[in-house]
Amino acid sequence: MRIGELAARAGTTTRALRYYEARGLLPARRDGNGHRTYDEADLRLLDQIRTLRDFGFELEETRPFVECLRSGHPEGDSCPASLAVYRRKLDELDALIGQLSAVRETVAGQLRRAESARDALAAEALVPGGPEPGCELGGLSR
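Remember, it's a predicted structure, so these values are computed and weren't measured experimentally.

Okay, a nonpolar patch on the surface next. Together, Leu-90, Leu-93, Leu-96 and Ile-97 give the surface a local cluster of nonpolar side chains, amounting to about 370 Å² of exposed area. Position of Ile-97 relative to the elements: it lies in helix α5 (residues 80-125). For Ile-97, a relative accessible area of 51% translates into the label exposed.

Along helix α2 (residues 14-22), the residues classified as buried are Ala-16, Leu-17, Tyr-20 and Glu-21. Within α2, the buried residues cover an arc of 140° as seen down the axis, which keeps them to one side. Seen from the buried face of α2, the exposed residues on the opposite side, beyond 90 degrees, are Arg-15 and Ala-22. On the buried face of α2, the contacting elements are α1 (3-10) and α3 (40-54). Just downstream of α2, Gly-24 is the residue with a positive phi angle, here 85°.

By definition, a disulfide links two cysteine residues through a covalent bond between their sulfur atoms. One pass over the full model with this rule turns up one disulfide. Disulfide partner of Cys-68: Cys-79, at an S-S distance of 2.1 Å. Judged by the torsion about the S-S bond (80°), the Cys-68/Cys-79 disulfide is right-handed. Of the two residues, Cys-68 sits in helix α4 (residues 63-70) while Cys-79 sits in the loop between α4 and α5, which places them 11 residues apart along the sequence. Here Cys-68 and Cys-79 have matching classes, each one buried.

Bringing α5 into the picture now. Between the first and last C-alpha of α5 there are 67 Å, a value that for 46 residues agrees with the 68 Å anticipated at 1.5 Å per step. For α5, the set of buried residues is Ser-82, Val-85, Lys-89 and Ala-108. The inward-facing, buried residues of α5 contact α4.

This part takes up the side chain of Arg-36. Along the chain, the position of Arg-36 falls in the loop between α2 and α3. The exposure class assigned to Arg-36 is buried, which follows from its relative accessible area of 19%. Polar contacts involving the side chain of Arg-36 include one to the side chain of Glu-21, which spans 2.7 Å.

Conventions and cut-offs
- Residues numbered from 1 in each chain as written.
- Predicted model: local features only at pLDDT ≥ 70, side-chain atom pairs only at ≥ 80, totals over all residues.
- Heavy atoms only, no water.
- Patch = residues over 30% accessible without salt bridge, like charges linked within 9 Å, V, L, I, M, F, W, Y side chains within 5 Å.
- Areas by Shrake-Rupley, 256 points an atom, 1.4 Å probe, with all protein chains shown as cover.
- Salt bridge = Lys/Arg side-chain N within 4 Å of Asp/Glu carboxyl O.
- Helix = DSSP H or I, 4+ residues; strand = E, 2+ residues; numbered from the N terminus.
- Buried < 20%, exposed > 50% of the residue type's maximum accessible area, 1.4 Å probe, protein only.
- Arc of directions from axis to C-beta.
- Contact = heavy atoms within 4.5 Å.
- Disulfide = S-S within 2.5 Å.
- Expected span 1.5 Å × (residues − 1).
- Polar contact = N/O pair within 3.5 Å; in protein donor to acceptor, adjacent residues only side chain to side chain.

Rendered as structure tokens:
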């Protein structure tokens, strides 16, 4: 198949395919007229790349999976190098989850503090002569 058909079937652009070719992820085969030619195996490579990219893998991280498929394995993640990429990605995700958990706890603490301050201000407003509660956004009062 030609580059336009492959791009349409893979749900990508011809520009992306040329980029993958330049990066060595997609084979560069040409017919007698110099046109790029592709087959179903190339579509499978692109599906593997797209799936991994959708999962947050960098383009270069897809290389072991592509090479695994190109070497004849039925799945791109059945080679040791692919498994090593999975392990590294899981380590990265665990680190990000830890960072996000810390940020979440900070934001939750800020919310608790803000709600407590709001409640204290509201309680003072119930006392005769207490402050009038107001909203700082746009200078509006409640």
